[in-house]
Amino acid sequence: MNNLLGIQTREEIYDIQTERLKQLVKYVYKNVPFYKNKFDNIGLLPEDIRTLEDIKLLPFTTKQDLRDNYPYGMFAAPMEKIVRIHASSGTTGTQTVVGYTKDDIETWSELMANTLRRYGITNNDIVQIAYGYGMFTGGLGVHYGVEHLGAAVVPISGGATEKQVLTMKKFGTTVLACTPSYALHIYDTMVKMGISPDELNLKIGVFGAEPWSDQMRSNIEDKFRIKAYDIYGLSEVMGPGVAGECFVQNGLHINEEHFIPEIISGDTLAPVEAGQLGELVFTTLTKQGIPLIRYRTRDISALEYDECECGCAFVRMRRVGARNDDMLIIRGVNVYPIQIERILLEFNELTPHYSLTIEKDNNLDKLTITIELQRNVNNYKEEELIKLHKSIRTKIHNILQISCNIEFVNPDTLPRSEGKIKRVFDKR
Ligand code: DLL
C-alpha cells in the first residue's frame, strides 16, 4: 500500500516539496508584509531558495508573531477569498486566529480523508464526532474529512455524555473521534449506565488534540475493545490531519505533500539528527489563507525516515508526549507529566484519572499526585494502600529521581473533561 496519493518514494516527495517551497516563498513575499520585512531584514530574496535544504535560510515563525499580527495580519489571501475562520483555544495566552480559502478547505478535507483511510476507515463507517465544534478545529476538521471520504458523520460535538453513549448504541457508531480523556469519560459513563462494549459496534477510535501515553492507549483499547489511533494537528498549521498513524501504530505519518517537518533544538534552533528528539517545526506548502514558514510548534517529537511496514513513504513523527512549555522543574529535576502518567498506568489498582499539583512548601517544591483508585478507598485494607503508596513512590523515584506525595481518592472524584483535559496545577 502506498500513501494513497500515488507518491511512492522519498525522491518524489523531495521533488514535490522543493517545487512547492519555491512557490511558497514567492507567495508570502508578495502577500504578507510580515514575511517581506523578515526576508528584507536578512537580505533574502525568494529566488535564493533553490533546493529543499535552503529552507534553513528562512526565518522561523512563532505563536507570538501570530499574536502580534492579531487577528488577520498574517493572512496572505484577501478577506473576499477567506471562507472560514478558526481560533486556538488561547490556553497559553491570547488566542491566535487562522483563515482558510475554499481551496484550503478542500485540501484539508482531502488530507483528513487520507488520514482516516490509513486507520482503515471506509465509506461504510459511521463516525461519531465528539470533538467540539466551533472555533476549535477538531469538530469541523474531522467532519469535512469524514464527508470527503464518504463515511457517515454523526456531528454530535462534545458534551451530553450519556447521549454520546446512547447514540453510539442506537446509531451503530463504528468510529469514535474525540480527545482520549473524553473517551475515558464516555467509557466510565457507559459503565454507569450498565452498557457493555459488546452492545456497541465500535471498532476504531480517532483520538488526539492532547498528549496520551501508550499505556493510556492500551487502557482505552482494552476497555472499548477497539483500535485506538493517534491523530495530530494544530490550528496554526491546519488543524487535525497534519499527521496520523497507520495500522502499524509506530509513529504518525506526516502528510508531507502539504507540510515540511523539521526537528530543531529548542535552545540553539539548530536542526537535530533524524531520530533525535527536539522541537517540531512545520512549513505549510499549499495553504493560501495563512501560510506559515518554519512555524515553531513547541511540541516535542522526533522524525523517523526508515521504511514503514505499511508501505507509506511519508516520514513518521514520534507521538507527541509533551510540549517544551510542559516541562516541570521539581527541586531542580526536569520532568514531563507524561512520564508520570506512564508509571502510574503500570499499576492495576489505579485508574487513568489523575492530577498533578506542585506547590511551595517551606520554599521547597512539593509534588502531589492525586489519583483515583479502581474501588472506593475504604474497600482496601490499610496495609494494601501503604504498600501501593510505597511501590508507586519508589518507582517514580527510581525512574524520575523525584519524590512526591500520593493522594488516593475514590473513583469519580476528579473533574472530567469533554475536550482537552487539564491535569497539571502548578501553584508555585
Ligand atoms: O488540537 C487540532 C486537533 C484536533 C488535533 C483534533 C487532533 C484532533 P490546537 O487546539 O491548535 O489544535 O492545539 C494544538 O495540541 O500543538 C499539541 O500540543 C496538541 N496536540 C494535538 N494533537 C496531539 C496529539 C488541535 N495527537 C496542540 N498528541 C498541539 C499530543 C497533541 N498532543
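This structure is a prediction, so every number in the text was calculated from the model and none was measured.

*Asks:* Before we go on, may I ask you to explain the site of the ligand in this structure?
*Replies:* Neighbouring the ligand are 20 residues, the closest being Asp230, Ile231, Ser235, Asp299 and Lys420. Here glutamate 210 contributes a backbone N or O atom positioned 3.3 Å from a nitrogen atom of the ligand. When isolated, the ligand has an accessible area of 600 Å², and the protein chains bury 94% of it. Of all the secondary-structure elements, those providing two or more residues to the shell around the ligand are helix H5 (137-149) and strand E7 (227-234). Element by element, the count of residues in the shell around the ligand is highest for E7, at 5 residues. When its residues are assigned to classes, the shell around the ligand shows 9 nonpolar, 5 polar and 6 charged.

*Asks:* It is not clear to me how the sheet that holds strand E6 (residues 204-208) should be interpreted in this structure. Could you clarify?
*Replies:* In any sheet, the strands associate via hydrogen bonds between backbone groups, in a parallel or an antiparallel arrangement. Strands sit in the order E4-E3-E5-E6-E7-E8-E9-E14-E13 across an open sheet of 9 strands; the sheet is mixed. For this open sheet the edge positions go to strand E4 (152-154) and strand E13 (303-304), each flanked by a neighbour on one side alone. Along the sheet, helix H6 (residues 161-171) makes contact with strand E3 (126-129), E4 and strand E5 (175-178), crossing E3 at roughly 175°.

*Asks:* What should I look at first to understand the side chain of arginine 316 in this one?
*Replies:* Along the chain, arginine 316 turns up in strand E14 (residues 316-317). Judged by relative accessible area, which is 3%, arginine 316 ranks as buried. At 2.6 Å, the side chain of arginine 316 forms a polar contact with the side chain of aspartate 306. Dropping the residues within four chain positions of it, arginine 316 is found in contact with Asn250, Gly251, Leu252, His253, Ala302, Leu303, Glu304, Asp306, Glu307 and Cys308.

*Asks:* Help me out: how do you make sense of the pairing of strand E8 (residues 239-245) in this one?
*Replies:* The side chains of a regular strand alternate between both faces of the sheet. With 7 of 7 residues buried, E8 lies mostly within the body of the structure. Across 4 bridges, the pairing between E7 and E8 is antiparallel. Counted as the bridge partner of leucine 234 is glycine 239 from E8. Bridge count between E8 and strand E9 (residues 252-254): 3 bridges; the pairing is antiparallel. Looking at E9, one finds that glycine 244 is bridged to histidine 253. Linkage of E8 to E9, two consecutive antiparallel strands, is achieved through a turn of 6 residues, within which glutamine 249 is found at a positive phi near 55°.

*Asks:* Could you clarify how one ought to interpret the packing of aromatic side chains in this entry?
*Replies:* Each aromatic ring pair is summarised here by two numbers: the centre-to-centre distance and the angle between the ring planes. Following the criterion strictly, the structure yields 11 aromatic pairs and no others. Judged by centre distance (6.4 Å) and plane angle (55°), the rings of tyrosine 35 and phenylalanine 39 are tilted. Within this pair, tyrosine 35 and its partner phenylalanine 39 are both found in helix H2 (residues 33-41), separated by 4 residues, close to a single helical turn. Of the two residues, tyrosine 35 and phenylalanine 39, both sit in the buried class. Here the aromatic rings of phenylalanine 207 and tryptophan 212 are separated by 5.9 Å at their centres, their planes lie at 80°, and the arrangement is edge-to-face. Neither phenylalanine 207 nor tryptophan 212 differs from the other in exposure class; each is buried. Grouped by ring-pair contacts, the aromatic residues Tyr29, Phe34, Tyr35 and Phe39 constitute a single cluster. For arginine 217, the ring lying beneath its charged end belongs to tryptophan 212, and the centroid distance is 5.7 Å. Between arginine 375 and the ring centre of tyrosine 380, over which it is positioned, the NZ or CZ distance is 4.4 Å.

*Asks:* So what exactly am I meant to see when it comes to the domain arrangement of the protein chain here?
*Replies:* Size of an interface, as often reported, equals the accessible area lost when the parts are brought together. Parsing the protein chain into structural domains produces domain 1 (1-323) and domain 2 (327-426). Taking only C-alpha atoms, the centre of domain 1 and the centre of domain 2 are 30 Å apart. Facing the 26 residues of domain 1 at the interface are 17 residues of domain 2. Both faces combined, the contact of domain 1 with domain 2 buries some 1,700 Å², and carbon together with sulfur accounts for 56% of it. For the pair domain 1 and domain 2, the number of links is 2 salt bridges. As a salt-bridge pair, arginine 416 and aspartate 188 come within 3.5 Å of each other at their nearest N and O atoms.

Reading guide: rules and limits
One numbering rule holds for all chains: residues counted from 1, following each sequence as written. Reporting in this predicted model follows two pLDDT cut-offs: at least 70 for local features of residues, and 80 or more for side-chain atom pairs to be given and counted; totals over whole chains, interfaces and linings ignore these cut-offs and use all residues. Heavy atoms throughout the structure, all of them, feed into the side-chain values; hydrogens and water do not. A single heavy atom is enough: if one lies within 4 Å of a molecule or strand, its residue is considered near that molecule or strand. In the analysis that follows, any N or O atom pair within 3.5 Å is treated as a polar contact, provided that within protein one partner can donate a hydrogen and the other can accept it, and provided that, for residues neighboring in sequence, both atoms belong to side chains. Per-residue and other accessible areas follow the Shrake-Rupley method at a 1.4 Å probe size, with only the shown protein chains counted as cover for residues. The numbering of helices and of strands both runs from the N terminus, where a helix is a DSSP run of H or I of at least 4 residues and a strand a run of E of at least 2. Each residue gets one label: Ala, Val, Leu, Ile, Met, Phe, Trp, Tyr, Cys and Pro are nonpolar, Asp, Glu, Lys and Arg are charged, and the others, such as Gly, are polar. For two strands to count as paired, DSSP must find a minimum of two bridges between them. Only heavy atoms matter for contacts: two residues are in contact if any of them lie within 4.5 Å across the pair. Geometry is summarised by axes, namely lines fitted to C-alpha atoms with helices restricted to the contacting stretch, and by angles between N-to-C directions that run from 0 to 180 degrees. Note on classification: 1.4 Å probe, protein chains only; a residue is buried when its accessible area is under 20% of the maximum for its type, exposed when over 50%, partly exposed between these limits. Only the six-membered ring of Trp is used, alongside the rings of Phe and Tyr, when aromatic pairs are assigned; centres must lie within 6.5 Å, and planes under 30 degrees apart are stacked while those over 60 apart are edge-to-face, with the rest tilted. Placement of a charge over a ring requires the Lys NZ or Arg CZ to be within 6 Å of the ring centre, with the centre-to-atom vector within 35 degrees of the ring normal. All domain edges in this entry derive from an automatic or database-based domain assignment. Summed over both partners, the accessible area lost on bringing two parts together, with a 1.4 Å probe, is the buried area. Any carboxyl oxygen of Asp or Glu that lies within 4 Å of a side-chain nitrogen of Lys or Arg is treated as forming a salt bridge with it.

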